[in-house]
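One-letter residues, chain by chain:
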Amino acid sequence: MTNLRSDNNAGLMPEALVALVDAASGDAIAYGDDAWTARAAARLRELFGDDVAAFFVATGTAANTLSIAALTEPWQRVLCHRHSHYNDDESTAPERIAICRTVPVEPLGDPTRLTEADLLPHLAGRRGDVHEPAPGVLTISNPTEFGTVYAPAHVAALCELAHAHGYRVHVDGARFGQAVVHTMRAENLSESAACRALTSDAGVDALSLGGTKAGLALGEAVLLFTRSPMAARAAERFPFLRKSTGHLLSKHRYVTAQFERVLATGAWLRHAAVAADAAERLAAGLHARGRALAFPREANAVFVDLPPDLDQHLRSRGHSWYPFATPIGARARLMCSFATTAGDIDDFLADIP
Ligand SMILES: Cc1ncc(COP(=O)(O)O)c(C=O)c1O
């Protein structure tokens, strides 16, 4: 009975739990002026670079919409993949918090990743007057919602094009550890080199760095790369936006103690690699059984077009997953977490006739 619904269904990484227990007693200054928050921010600077301004919030939706709000004005546009989480799954948070006009971009080739060619029609030939929404932010998800990863060179090319047209670039990294693990392996990079190659070195202005889906109880970090003047300005605005929208956590240390511990021990990537390896085992097993994947497996999810009779058979055996409603070529999303074991995957595969 394998649960492949979502990494949101998994419990806590042991290191996060221990960090919570260690921080459980005693007093600390509230609202982020505590030692755990300072140490978590310092860890993030070690990994991503000295120019990082780090802020912490509870949810991925808050991280995305607040960072985009901080980078924009209400008369600007936000370009995103047609089926990004930002466009399809954050209700009206983009309208209520980021406020800008959302412009969904349909990919022409690879259905999972935006390219420069996809963006160009939305960038070139604009009037540039006050009557149309002005350039704001390009937001991409890395990894994508479809389990693929933008390579550093691809991110850099998108940043160059977006910046040339007056846009800032935000990365939704709700599962960023997956992008880092994939990039370390694909490009033979260290942890810090991969983190920087995918963000600051590529020209990214802001990153939503996920904690919850990686195995924290809750918590996401917003990283603003202040070498960019617009990101530096966003870092000044962010605390006010966060408080005024009800997203400033008083007992900050229970988010940041977890971040500090899993970054300091390398647990965030060790566990991300476990989830990625479980997904790879699943992908290989499906392939061996003649089931073609809809997209390459580069993160912790596998997308496959299970025929209805097989779907029903596997569900009747007690396995579970979410149907994939997005109309870009698969009916099932099978997602692994840090807690998915090789045995879980083998049990699932054994039930495929
Ligand atoms: C790619 C992506 N971004 C953002 C989010 C938002 O996270 P939350 O549900 O914590 O608001 C999710 C949640 O599943 C996600 O998959």
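Conventions used here
Residues numbered from 1 in each chain as written. Predicted model: local features only at pLDDT ≥ 70, side-chain atom pairs only at ≥ 80, totals over all residues. Heavy atoms only, no water. Pairing = 2+ DSSP bridges. Helix = DSSP H or I, 4+ residues; strand = E, 2+ residues; numbered from the N terminus. Salt bridge = Lys/Arg side-chain N within 4 Å of Asp/Glu carboxyl O. Buried < 20%, exposed > 50% of the residue type's maximum accessible area, 1.4 Å probe, protein only. Axes fitted to C-alpha atoms, helices over the stretch in contact; angles between N-to-C directions. Parallel < 35°, antiparallel > 145°, perpendicular 65-115°, else oblique. Left-handed = near helix turned anticlockwise from the far one by under 90°. Contact = heavy atoms within 4.5 Å. Nonpolar A, V, L, I, M, F, W, Y, C, P; charged D, E, K, R; others polar.

### Focus: the sheet that holds strand β9 (residues 322–323)
- Reading across the sheet, the three strands line up as β8-β10-β9 and stay open at both edges, with antiparallel pairing between neighbours. Edge positions in the open sheet fall to β8 (301–304) and β9, since each of these has one partner strand only.

### Examining the pattern of salt bridges
- One pass over the full model with this rule turns up 19 salt bridges.
- Residues Arg 270 and Glu 15 are paired through a salt bridge, measuring 3.5 Å at the closest nitrogen-oxygen approach. Here Arg 270 is found in helix α12 (residues 267–288), whereas its partner Glu 15 is found in helix α1 (residues 14–22), with 255 residues between them in sequence.
- When its relative accessible area of 19% is taken as the criterion, Glu 15 is described as buried.
- Notably, a salt bridge pairs Arg 331 with Asp 305, separated by 2.7 Å at the nearest N-O pair. Of this pair, Arg 331 sits in the loop between β9 and β10 (332–335) while Asp 305 sits in the loop between β8 and α13 (308–316), placing them 26 residues apart in sequence.
- When its relative accessible area of 38% is taken as the criterion, Asp 305 is described as partly exposed.
- Here the salt bridges share partners, and the residues they tie into one network are Glu 73, Arg 233 and Arg 237.

### Observations regarding the packing of helix α3 (residues 60–71) against helix α10 (residues 229–244)
- Here α3 crosses α10 at 125°, and the two axes come no closer than 7 Å. With respect to their mutual orientation, α3 and α10 come out oblique. At the point where α3 passes α10, the crossing takes the right-handed sense. The residues of α10 that touch α3, namely those facing Leu 66, Ser 67, Ala 69, Ala 70 and Leu 71, are Met 230, Ala 231, Ala 234, Arg 237, Phe 238, Leu 241 and Arg 242.
- In terms of residue class, the contact of α3 with α10 is built from nine nonpolar, one polar and two charged.

Just geometry here; none of it tells us what the structure is for.
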